Amino acid sequence: MIGSEYLWPGRFHERLHISTRQYARLVREWVKSISLDPSSYGTHSMRRTKVAYIYRKTGNLRAVQLLLGHTKMDSTVRYLGVEMEDALTIAEAIEI
C-alpha cells in the first residue's frame, strides 16, 4: 500500500473506505465460515485479544498503551484487566 490507500476501499466514489458496519459484517461472515459462534467474536474483541496477547508475550504495557492510543496508562490497565500492582511494576521498569 502507498500513502493513504485503504486496505478495503469503498465501492462508491464518495467513500474512500468501507464503513465500520461493513467491516463488522465481513468479520461476522469470516467467523461463521470457520464454524465459530459470531456472537462470541467481533471487531472490538479481536482488537482486545491482539493487545492482550502482546502484553502477555512481552509484558510491555507502554507498547500496548501506544498501540491502543490511550493517553493514560490507567486506561490501558483497565482495558486489559491487569492488576494495578503488576501494572505499576511493569510501568516503572519501562523508561520513557
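Draft legend 1. The nonpolar core, seen in detail. Counting eleven residues, the largest nonpolar core is built from Val51, Ala52, Tyr55, Leu61, Val64, Leu68, Val77, Tyr79, Leu80, Val82 and Ile90. Secondary-structure elements contributing two or more residues to this core are helix H2 (43–58), helix H3 (61–68) and helix H4 (73–80).

Draft legend 2. How the structure looks around the side chain of Gln65. Among the secondary structure elements, Gln65 is positioned in helix H3. Residue classification places Gln65 among the buried residues on the basis of a relative accessible area of 4%. Excluding anything up to four places from it in sequence, Gln65 contacts His70, Thr71, Lys72, Met73 and Thr76.

Draft legend 3. Structural detail: H4. When we look at burial in H4, the residues that qualify are Thr76, Val77, Tyr79 and Leu80. Mapping the buried residues of H4 onto a view down its axis gives an arc of 165°, with all of them on the same face. Immediately downstream of H4, the backbone of Gly81 shows phi near 75°, a positive value.

Draft legend 4. Layout of the packing of H3 against H4. Running from N to C, H3 and H4 cross one another at 95°; their axes reach a closest spacing of 9 Å. As summarised for this structure, H3 and H4 are arranged roughly perpendicular, according to the angle between their axes. From H3, Leu61, Arg62, Val64, Gln65 and Leu68 reach across to H4, where they touch Met73, Thr76, Val77, Tyr79 and Leu80. Of the residues assigned to the contact of H3 with H4, the class counts are seven nonpolar, two polar and one charged.

Draft legend 5. Molecular detail of the packing of aromatic side chains. Counted according to the given criterion, the structure contains zero aromatic pairs. Lying across the ring of Tyr79, Arg48 places its NZ or CZ 4.3 Å from the centre.

Draft legend 6. A look at the pattern of salt bridges. As enumerated under the stated definition, the model contains two salt bridges in all. A salt bridge links Lys32 to Glu29; the nearest nitrogen and oxygen atoms lie 3.4 Å apart. Note that Lys32 and Glu29 are positioned in helix H1 (residues 20–33) at a spacing of three residues, about one turn of the helix. Here Glu29 falls in the partly exposed class, since its relative accessible area comes to 40%.

Draft legend 7. Up close: the side chain of Thr76. On the secondary structure map, Thr76 appears in helix H4. A relative accessible area of 0% places Thr76 in the buried class. Within the structure, Thr76 has its side chain in polar contact with the side chain of His70 (distance 2.9 Å). Beyond its immediate sequence surroundings of up to four residues, Thr76 is in contact with Leu61, Val64, Gln65, Leu68 and His70.

Scoring rules and cut-offs
Residues numbered from 1 in each chain as written. Predicted model: local features only at pLDDT ≥ 70, side-chain atom pairs only at ≥ 80, totals over all residues. Heavy atoms only, no water. Core = buried A, V, L, I, M, F, W, Y, C linked by side-chain atoms within 4.5 Å. Buried < 20%, exposed > 50% of the residue type's maximum accessible area, 1.4 Å probe, protein only. Helix = DSSP H or I, 4+ residues; strand = E, 2+ residues; numbered from the N terminus. Contact = heavy atoms within 4.5 Å. Arc of directions from axis to C-beta. Axes fitted to C-alpha atoms, helices over the stretch in contact; angles between N-to-C directions. Parallel < 35°, antiparallel > 145°, perpendicular 65-115°, else oblique. Nonpolar A, V, L, I, M, F, W, Y, C, P; charged D, E, K, R; others polar. Phe/Tyr/Trp six-rings, centres within 6.5 Å; stacked < 30°, edge-to-face > 60°. Lys NZ or Arg CZ within 6 Å of the ring centre and 35° of its normal. Salt bridge = Lys/Arg side-chain N within 4 Å of Asp/Glu carboxyl O. Polar contact = N/O pair within 3.5 Å; in protein donor to acceptor, adjacent residues only side chain to side chain.

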